[in-house]
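Listed here are the chains, written in short residue letters.
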2 protein chains.
Amino acid sequence: VTGGSAVDLSNPRSERVRSVRRLSGRAARRRTGLFLAEGPAAARELAVGAALDVYLTASAADRHPDLRSAALHRGARVFSCTDEVLAAMSDTVSPQGVVAVCRSISLPLDDVLAARPRTIAVLANVRDPGNAGTVIRAADASGTGAVVFTSASVDPFNPKCVRSTTGSVFHVDLCVDADLSDLLTTVRRAGYRVLAADGRGDLDLDDLTDLADTATGPLTGPVVWLFGNEAWGLADEHRRLADDVVRVPIHGRAESLNLAMAATVCLYASARANRRARPDTPRPPTPLRPPGG
Amino acid sequence: VTGGSAVDLSNPRSERVRSVRRLSGRAARRRTGLFLAEGPAAARELAVGAALDVYLTASAADRHPDLRSAALHRGARVFSCTDEVLAAMSDTVSPQGVVAVCRSISLPLDDVLAARPRTIAVLANVRDPGNAGTVIRAADASGTGAVVFTSASVDPFNPKCVRSTTGSVFHVDLCVDADLSDLLTTVRRAGYRVLAADGRGDLDLDDLTDLADTATGPLTGPVVWLFGNEAWGLADEHRRLADDVVRVPIHGRAESLNLAMAATVCLYASARANRRARPDTPRPPTPLRPPGG
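Position numbers for residues start from 1 in each chain and track the written sequence from start to end. Chains carry letters from A onward and ligands carry numbers from 1 onward, assigned in written order. With the structure being a predicted model, the display of local features is reserved for residues of pLDDT at least 70 and the display and counting of side-chain atom pairs for 80 or more, all residues being used for whole-chain, interface and lining totals. Side-chain metrics rest on all non-hydrogen atoms present in the structure, leaving aside hydrogens and water.

### Digging into the overall build of chain A
Counting its regular elements, chain A contains 13 helices and 12 strands. The principal-axis extent of the C-alpha atoms belonging to chain A is close to 60 × 50 × 40 Å. Evaluated residue by residue, chain A yields a buried proportion of 54% over its 293 residues. Between two residues, a contact is recorded if the distance between any of their heavy atoms is within 4.5 Å. Taking as baseline every contact in chain A between residues at least 6 positions apart, the subset at least 24 positions apart corresponds to 84%. Strands are runs of DSSP state E lasting at least 2 residues, helices are runs of H or I lasting at least 4, and numbering of each runs from the N terminus. Each residue gets one of three labels from its accessible area relative to the maximum for its type: buried under 20%, exposed over 50%, partly exposed in between, using a 1.4 Å probe on protein chains only.

Next comes the structure, spelled out in structure tokens:
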């Protein structure tokens, strides 16, 4: 087998197993620069350069015959291990027989900007790993190139967050531990408009979407979306750092949307505006059937 | 105190406490037509006619001095009880000192249609209560008037689902136990276009949004959105029942959006199309600052 060797791990109390398990905690992730991705879906999404070691039970290898070659192809080593070893490695009730140890890749902000993403999502004081992971997934789906976490936010390489991304942690540029005001100064200098998403915003996202049709609206330029804490939103001093504060309109009687829903709506609004502003972007033809047809 | 009497409940093993606790299970909810709403936010959202009994600890009553009067105002009775009683009533780790017993109001489909909602969300085979609750919240926020659950779907009055709605369970018309093909026949006869949301759809939601600008697009008429199971999507036979199958475009490398995210994007697209098609809808003025201003 090229690029990997099969080793049988059977002792759930071995130092190796315990060192993998420790990556569920932030301290070990900081010290080693490694994180855990669990489950077959995550293992399939491994990025070249991020994949190091993949641990597989025999039954998982049987159920997913492609996994071993996919992992080797990304440059990972693959180890078969007992169910007990796998259970001891993971903090999940059912890791589905697969745990991957990966190198966490956090880019410096300058490298993120060098790729010239049209849209960047910034999470300030976001604490819930499930919400943060869903925003990374929304960023990936909407074509948002990068997600930046301020220093007061959850670690995106937290196992719960990684699970919520369903593989998108390997697809978007991530930058962690950013200082918010430095960050905003830098992105403004690079030509980005900073839009804070907040339920109390002056601007209605739908109005911005209408303006976007003119190709001069604020959604069509390079945009940084700033999202705040899931419970209390953006702090006043952070809201003041934005060029505009935008609300997703509430048409009914709900008090708010949750962070992940609001971020999904905002990032998709930017994606649509960008697609309209650049009609050269390839779009598959759309066959429309008549109503009731 | 008008409309309620303060009674002290201190025995966590009393028949009354156990009957409240049983409402965490579907069988007891079916038998009694009642459900549980937990936490102060839910208690504030109680609907007139749905609110029956509200149970409060002394500390919750202190923290939320408005709760008692709000509950009485909705026609509920309010009982003060010990922390042990409250813990025994709820399946939550922290019900935050408030549990409300409510009448579950599921409308017949004809009553739902009689209100002429522009948009209706239908959940077919949706099993995860958190996802279902988030869709109810998205429906409320986007002004979608009604959410219909097919018989194979989760019970929207499941405590986890109710919590995920953050009060929206009291804001939208709900219809449960619907037979999907009967339902679709009825809504078509009532003039609704049925759009199935599915990652493999022929139509791109952004293209529909562009067409909506012409006020003749499929999003501007009365629309039923059909959403399938969170893991495997819509069954083939259900997809075939729709007028069109619409995908939320994936611009990046994510495999999909989760159900709640996709539903939020779709329902907001309908809301925007409807607002454009009816410019008489009041909109607050939008002050736009110049970029970088």
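### Let's talk about the pattern of salt bridges
We define a salt bridge as a contact between a side-chain nitrogen of Lys or Arg and a carboxyl oxygen of Asp or Glu at a distance within 4 Å. According to the stated counting rule, one finds 36 salt bridges over all chains in the structure shown. The residue Arg30(A) makes a salt bridge to Asp177(A) at a minimum N-O spacing of 3.4 Å. Within this pair, whereas Arg30(A) is found in helix H2 (residues 26-32), its partner Asp177(A) is found in strand E8 (residues 173-178), the two being separated by 147 residues in sequence. You can call Asp177(A) partly exposed: its relative accessible area is 38%. When the shortest N-O distance is used, the salt bridge between Arg163(A) and Glu38(A) registers 2.6 Å. Of this pair, Arg163(A) sits in helix H9 (residues 159-165) while Glu38(A) sits in strand E2 (residues 34-38), and the two are 125 residues apart along the sequence. On the basis of relative accessibility, which here comes to 30%, the residue Arg163(A) falls in the partly exposed class. Several salt bridges converge on common partners, so that one network encompasses Asp204(A), Asp206(A), Asp207(A), Arg247(A), Arg272(B) and Arg275(B).

### Brief notes about the nonpolar core
To form a nonpolar core, buried Ala, Val, Leu, Ile, Met, Phe, Trp, Tyr and Cys residues must be joined to one another through side-chain atoms within 4.5 Å. Core analysis: the largest hydrophobic core is formed by 121 residues, its most contacted members being Trp225(A), Phe227(A), Trp225(B) and Phe227(B). Excluding residues that lie within four positions of it along the chain, Phe227(B) makes contacts with Ala121(B), Val122(B), Leu123(B), Ala124(B), Val126(B), Ala197(B), Leu234(B), Leu259(B), Ala263(B), Cys266(B) and Leu267(B).

### A short note on the sheet that holds strand E4 (residues 77-81) of chain A
All names here are of chain A. Strand pairing is assigned whenever DSSP detects at least two bridges linking the two strands. Spatially, the five strands line up as an open sheet ordered E1-E4-E3-E5-E2, and their pairing is mixed. Each edge of the open sheet is held by one strand with a lone partner, namely strand E1 (8-9) and E2. The pairing of strand E3 (residues 51-56) with E4 spans four bridges and is parallel. Bridge assignment links Val54 to a residue of E4, and that residue is Val78.

### Description of the side chain of His64(A)
Residues and elements named next belong to chain A. As for its placement among the helices and strands, His64 is situated in the loop between helix H4 (58-63) and helix H5 (67-73). Under the relative-accessibility criterion, His64 is labelled buried at 17%. Contacts of His64, omitting those with residues within four sequence positions, involve Pro40 and Arg44.

### Description of the layout of surface pockets
Lining residues are defined by having an atom within 4 Å of a point belonging to a cavity or pocket. Those points lie on a 1 Å grid over the protein atoms alone, cavities being sets where a 1.4 Å probe fits but cannot get out and pockets being open sets with protein on both sides within 12 Å along at least five of seven lines. Grid points are joined across faces, edges and corners, and a volume is the space filled by probe spheres set on the points. Each pocket or cavity is described by its volume, and for the largest pocket that value is around 1,200 Å³. Of all the secondary-structure elements, those providing two or more residues to the lining of the largest pocket are helix H8 (129-141), strand E12 (244-247) and helix H13 (259-277) of chain A together with helix H3 (40-44), helix H8 (129-141), helix H9 (159-165) and helix H13 (259-277) of chain B. Gly counts as polar in this scheme, as do all residues outside two lists: the nonpolar Ala, Val, Leu, Ile, Met, Phe, Trp, Tyr, Cys and Pro, and the charged Asp, Glu, Lys and Arg. Considered class by class, the residues forming the lining of the largest pocket number 17 nonpolar, 15 polar and 10 charged. Here the second largest pocket is characterised by a volume of approximately 960 Å³. Around the second largest pocket, the lining is made up of 37 residues, and of these Arg137(A), Glu230(B), Ala231(B), Ser256(B) and Leu257(B) lie nearest the centre. Elements represented by at least two residues in the lining of the second largest pocket include exactly helix H3 (40-44) and H9 of chain A together with H13 of chain B. Looking at the lining of the second largest pocket, the element that brings in the most residues is H3(A), giving four residues. Considered class by class, the residues forming the lining of the second largest pocket number 15 nonpolar, 12 polar and 10 charged.

### Here's the deal with the pairing of E12(A)
Residues and elements named next belong to chain A. Covered by surrounding structure in E12 are Asp244 and Val246 together with Val245 and Arg247, the residues of both alternating faces. Direction of pairing for strand E9 (residues 193-197) relative to E12: parallel, over a ladder of three bridges. Opposite Ala197, over in E12, you have Val246 as the bridge partner.

### Quick notes on helix H10 (residues 180-189) of chain B
Since the α-helix advances by 3.6 residues per turn, residues separated by three or four positions end up pointing in the same direction. Residues and elements named next belong to chain B. Among all positions of H10, only Leu180, Leu183, Leu184 and Val187 are buried. Looking straight down H10, one finds that the buried residues subtend no more than 95° of arc, so they occupy a single side. Where H10 terminates, the next one or two residues include Gly191, which has phi positive at roughly 95°. Directions from the helix axis toward the C-beta atoms define the arc.

### Notes on the side chain of Asn229(A)
Residue and element names in this part refer to chain A. Within the element layout of this structure, Asn229 appears in the loop between strand E11 (223-227) and helix H12 (236-239). Using a relative accessible area of 5% as the deciding quantity, one classes Asn229 as buried. Here a polar contact means two N or O atoms within 3.5 Å. Within protein one must be a hydrogen donor candidate and the other an acceptor candidate, and residues neighboring in sequence count only if both atoms are side-chain atoms. Of note is the side chain of Asn229, whose polar atom sits 3.1 Å from the backbone nitrogen of Trp232. In contact with Asn229, not counting residues within four places along its chain, are Ala124, Asn125, Val126 and Arg127.

### A short note on the packing of H13(A) against H13(B)
Across the interface, H13(A) lies against H13(B) with an axial gap of 9 Å and an inter-helix angle of 60°. In terms of orientation, H13(A) and H13(B) fall into the oblique class. In terms of crossing hand, the pair formed by H13(A) and H13(B) is right-handed. On H13(B), the residues touching Met261(A), Thr264(A), Val265(A), Tyr268(A) and Arg272(A) of H13(A) are Met261(B), Thr264(B), Val265(B), Tyr268(B) and Arg272(B). A per-class count over the contact of H13(A) with H13(B) returns six nonpolar, two polar and two charged. Each axis is a line fitted through C-alpha atoms, taken for helices only over the stretch in contact, and angles between the N-to-C directions span 0 to 180 degrees. Should an angle fall under 35 degrees it is taken as roughly parallel, and over 145 as roughly antiparallel, whereas 65 to 115 is taken as roughly perpendicular and any remaining angle as oblique. The crossing is said to be left-handed when, going from far helix to near helix, the turn is anticlockwise and less than a right angle, and right-handed when the turn is clockwise.

### Points about the confidence of the model for chain A
Residues and elements named next belong to chain A. For chain A, the average pLDDT comes to 88, and 90% of its residues sit at 70 or higher. Predicted confidence for residues 1-5 stays below pLDDT 50, and this span has nine contacts to residues more than four positions away or in other chains. Overall, residues 281-293 carries pLDDT values under 50, and its contacts beyond four positions in sequence, including any with other chains, amount to 23 contacts. Scoring of the predicted complex yields 0.89 for pTM and 0.87 for ipTM. Scored between 0 and 100, pLDDT is the confidence that the predictor attaches to each residue.

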